[in-house]
Structures are given as C-alpha cells and as structure tokens.
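# Coordinates in review
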Amino acid sequence: MAEMVKVSQLVEKLSLEIVTGDEQSLNRVIVTGDISRPGLELTGYFNYYSHDRLQLFGSKEISFAERMMPEERLMIMRRLCSEDMPAFIISRGLAAPEEMIQAANEHGMAVLRSPISTSRLLGELSSYLDGRLAPRTSVHGVLVDVYGLGVLIQGDSGIGKSETALELIKRGHRLIADDRVDVYQQDELTVIGEPPKILEHLIEIRGIGIIDVMNLFGASAVRGSMQVQLAVYLEAWAKDKKYDRLGSEDTSVEIAEVGIPQIKIPVKTGRNVAIIIEVAAMNFRAKTMGFDATKTFEERLSRLIEENSGGQ
C-alpha cells in the first residue's frame, strides 16, 4: 500500500517556512505526487482544476495575482481552497498575497514558502512525494550496498543470506534491509529498496538472535534506501547440476515490475560467498562500463581456433 504524507512531513523534509498554518492544517494529507501551478485558475478557469494537488506559486503566478483587484484575488484564492487541497507553496522566498493567507486561514490550510527556484522546488517536491507515495511490495531477501551497488541477496531459508550480509558489513559494506525488503518503482527502469520501519538497522543471525548493526558497527554500516541493481540468488550446491562457468548466461528477475539482472551462486562448504558477491558486484559494474571478461575470453578463443585452423 502507498504511504500517506502529511504536510508537516513535507515541511520537515524540504525545510519549508510556515507562513501561516496551525497543527490541523499541517496534518492535512497529500495523496498525489503531482504538483499544480495554477496559471489558468488565476484567470478564473476552473473546469480542469486539480483540486487534490499542492498548489505551487512561482514568480509568474505571484506577479499575475498582484495585477488582480483585491476582491477578485480573494475570490480566486478561496476557490483554490478545495476540501482536499493540501497546501499553498511559494518559491523564491516571495511574499504571500494577503488574500492567499486569508483564504488559507478560513479553510484551515497552510501557506508554505521556500527560498529556492520554482523549477528546483518542483523537482524536489515531485521526487520526494513520488518516492513516499509509490505503491510498495515486499520481497524476501537481504539488500546490501556493495561498492555503491545495490545487491539483493536471495535464496532459500537457511542458505546463509544474513550471515553473508554480516560478513559483507564487516568488510566495510552497508546494510539496507534484512529478511524483508520493501521495494517500489521509482521509474520504468529503477527499483528502490528500503527496510520496513520495524526492521531498520536490524539483522537476524541464527544462534545469536537480533543484532543492531548501527549500534555494533556504526552509522557508516547502514543506509536508509538503495536502488536495486543486481540480484544474487544463493542455492545449495548440487553435484550433478551444471553451472555457468563462463558467465555468458544473462538472466533476470522481475522486481516491482522491473527486470533486474540476476546471477546464481552455488553455496557449499569452503566457499567464501561474501568475497564472491564482492567480485560479482565489481564484475557487474565493469560490464556496465564496457569491460566484459567473458567476451574477451571468447574473442581470444576464437582467434586461437582460427590460428590453429590456419596452421593446418
């Protein structure tokens, strides 16, 4: 389910100034990440008014409003204050029209202000709200930041996911979420993972119990959220099963309706899975930069075959 965002949370996150507003107005709920710049509405055209959106006023909207008669300005501001409109926001530190403040006070709404430019404020508002309001799903696994790459470790219960994550943390990498990862789609190609509030900074190790990673290893050992860029599936080693030895098999797993590259690592006694995942992360990053060891090997093999064939 999507989270709800209160106006007070937006104020805190973006360090907005409260021009006017009480506790009730700051508790109003924002239900969409879309932001409205009410240009047409200021002319009196309300046929397609987005009444459930934040109303953002930049220099254009403020300057246009200043040219209106006070009575007309008050009427427009009152019409903007629909029952489910969350708040007014003014950019560039501009002064709020008195009629806006009056209408907001009459309808129990807040007027907020930011010193930054309108386009930048619009981007920050949309980015924050889209992330908070996006539908969440949960996947089983451990999400770790390995060399700046979001690696989701999955596998059967008891295979050693949390123990592997703990080893990675000891080696200087960062934990995002253990056991359950809440994921959401930031855009068509990007999935973000974060921990449920109840499991934040915690990891479960069989035989020890719950440990607080932040308390034991410090703030640098945890991270609040991370893009999921690589999925690693740990599976029990099977003697008769054939495994990819060249890395030429490109597989993926769908997470939050986005295809994430996946590699499968067989686990057996003696294998240091944490080091293997480190190398897998580095190798994946190298591939994205155009350095593919598998292709290099295949090219060398092809040249060797050609040379040997020519010699005959």
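Residues numbered from 1 in each chain as written. Predicted model: local features only at pLDDT ≥ 70, side-chain atom pairs only at ≥ 80, totals over all residues. Heavy atoms only, no water.

### Notes on the sheet that holds strand β19 (residues 258-267)
Heads up, the rule is: By definition, two strands form a pair when at least two bridges between them are found by DSSP. Here a strand is any run of E in DSSP of at least two residues, a helix any run of H or I of at least four, and the numbering for each starts at the N terminus. Helix axes are fitted to C-alpha atoms over the stretch in contact, other axes to C-alpha atoms as well, and angles between N-to-C directions run from 0 to 180 degrees.
The six strands lie next to each other as β11-β9-β10-β17-β19-β18, forming an open sheet whose pairing is mixed. Because the sheet does not close on itself, it has two edges, and the strands there are β11 (174-177) and β18 (251-255). Averaged over neighbouring strand pairs, the angle between their axes works out to 35° when direction is ignored. For strand β17 (residues 230-236) and β19, the ladder comprises six bridges, and the chain directions are parallel. Of the residues in β19, the one forming a bridge with V232 is I263.

### A word on a nonpolar patch on the surface
Under the convention used in this document: Only residues whose relative accessible area exceeds 30% and that form no salt bridge enter a patch; like-charged residues are grouped when within 9 Å of one another, and nonpolar side chains (Val, Leu, Ile, Met, Phe, Trp, Tyr) when within 5 Å. Only the protein chains shown count as cover for residues, and all accessible areas are computed by the Shrake-Rupley method using a 1.4 Å probe. By definition, a salt bridge exists where a carboxyl oxygen of Asp or Glu is found within 4 Å of a side-chain nitrogen of Lys or Arg.
A cluster of nonpolar side chains, Y147, I275, V279 and M282, forms an exposed patch at the surface whose accessible area comes to about 350 Å². Here Y147 is to be found in the loop between β9 (142-146) and β10 (149-155).

### Digging into unusual backbone geometry
Phi is positive for Y147, which is not a glycine, with a value near 55°. Backbone geometry places A256, a non-glycine residue, at a positive phi of 50°. As for its position among the elements, A256 is in the loop between β18 and β19.

### A closer look at the pairing of strand β14 (residues 202-205)
Note the threshold: For the exposure calls, accessible area comes from a 1.4 Å probe over protein chains only, and a residue counts as buried if that area is under 20% of its type's maximum, exposed if over 50%, partly exposed in between.
The two faces of β14 differ: I203 and I205 on one face are buried, but L202 and E204 on the other face are not. In terms of strand pairing, β14 meets strand β15 (residues 209-212) through four bridges, oriented antiparallel. Note that in β15 the partner of I203 across the bridge is I211.

### Considerations on the pattern of salt bridges
Summed over the entire model, instances satisfying the criterion amount to 11 salt bridges. Salt-bridge contacts for E124 lead to R120; the nearest nitrogen and oxygen are separated by 3.3 Å. Separated by four residues within a single helix, E124 and R120 lie in helix α7 (residues 118-133), roughly one turn from each other. On the accessibility criterion, E124 (31% relative accessible area) is partly exposed.

### Here's the deal with the UniProt feature "binding site: ATP" (unreviewed entry) in the protein
Applicable threshold: UniProt positions are given in the numbering used here, feature names are shortened, and annotations may be inferred rather than shown by experiment. By the convention used here, residues are in contact when the closest approach between their heavy atoms is within 4.5 Å. We define a polar contact as two N or O atoms separated by no more than 3.5 Å, with the added condition that, inside protein, one atom must be a possible hydrogen donor and the other a possible acceptor, whereas residues neighbouring each other in sequence contribute only through side-chain atom pairs.
Residues annotated by UniProt as "binding site: ATP" (unreviewed entry) correspond here to G155, D156, S157, G158, I159, G160, K161 and S162. Locating D156 in the fold gives a position in the loop between β10 and α8 (161-170). Not counting the four nearest positions on each side in its chain, K161 is found in contact with H140, V142, I153, Q154, G155, D156 and L234. Polar side-chain contacts of K161 include one of 3.2 Å to the backbone oxygen of G155.

### Let's talk about the packing of aromatic side chains
Definition in use: Here is the rule: rings of Phe, Tyr and Trp (six-membered ring for Trp) pair when centre to centre is within 6.5 Å. Planes less than 30 degrees apart are stacked, more than 60 are edge-to-face, and the remainder are tilted. Working rule: Lys NZ or Arg CZ, within 6 Å of ring centre, within 35 degrees of ring normal, means a charge sits over the ring.
This structure, assessed with the given rule, holds three aromatic pairs. Ring centres of Y45 and Y48 lie 6.3 Å apart, and the angle between their planes is 40°; on these two criteria the pair is classed as tilted. Overall, Y45 belongs to the partly exposed group, its relative accessible area being 36%. Consider the rings of F57 and F88, whose centres lie 5.9 Å apart with planes at 65°: the pair is edge-to-face. With a gap of 31 residues between them, F57 in strand β5 (residues 54-57) and F88 in strand β6 (residues 87-90) connect regions that are remote in the sequence. Under the relative-accessibility criterion, F88 is labelled buried at 0%. In this arrangement the basic side chain of R136 is found over the ring face of Y184, its NZ or CZ atom lying 4.1 Å from the centre. Lying across the ring of W237, K268 places its NZ or CZ 4.1 Å from the centre.

### A look at the sheet that holds strand β16 (residues 226-227)
The four strands lie next to each other as β8-β12-β13-β16, forming an open sheet whose pairing is antiparallel. In this open sheet, the two edge strands, each paired with only one partner strand, are β8 (137-140) and β16. Direction of pairing for β8 relative to strand β12 (residues 180-187): antiparallel, over a ladder of four bridges. Across the sheet, H140 pairs through a bridge with R180, a residue of β12.

### Observations concerning the pairing of β17
A regular strand places its side chains so that they alternate between the two faces of the sheet. Within β17, five of the seven residues are buried, leaving the element largely enclosed by the surrounding structure. Pairing of β10 with β17, which is carried by five bridges, proceeds in the parallel orientation. Residue pairing for β17: I153 is matched across the bridge by V232.

### Remarks on the environment of P261
By the secondary structure assignment, P261 is in strand β19. For P261, a relative accessible area of 32% translates into the label partly exposed. Note: C-alpha distance between P261 and V232 (29 residues apart in sequence) is 8.6 Å. Setting aside residues up to four positions removed in sequence, P261 forms contacts with Q229, L230, A231, T251, S252 and F284.

### What to know about the side chain of T20
Within the secondary structure, T20 is located in strand β2 (residues 17-20). Within the structure, the side chain of T20 is placed 2.7 Å from the side chain of N105, a separation counted as a polar contact. Excluding residues that lie within four positions of it along the chain, T20 makes contacts with I101, A104, N105, M109, A110 and V111.

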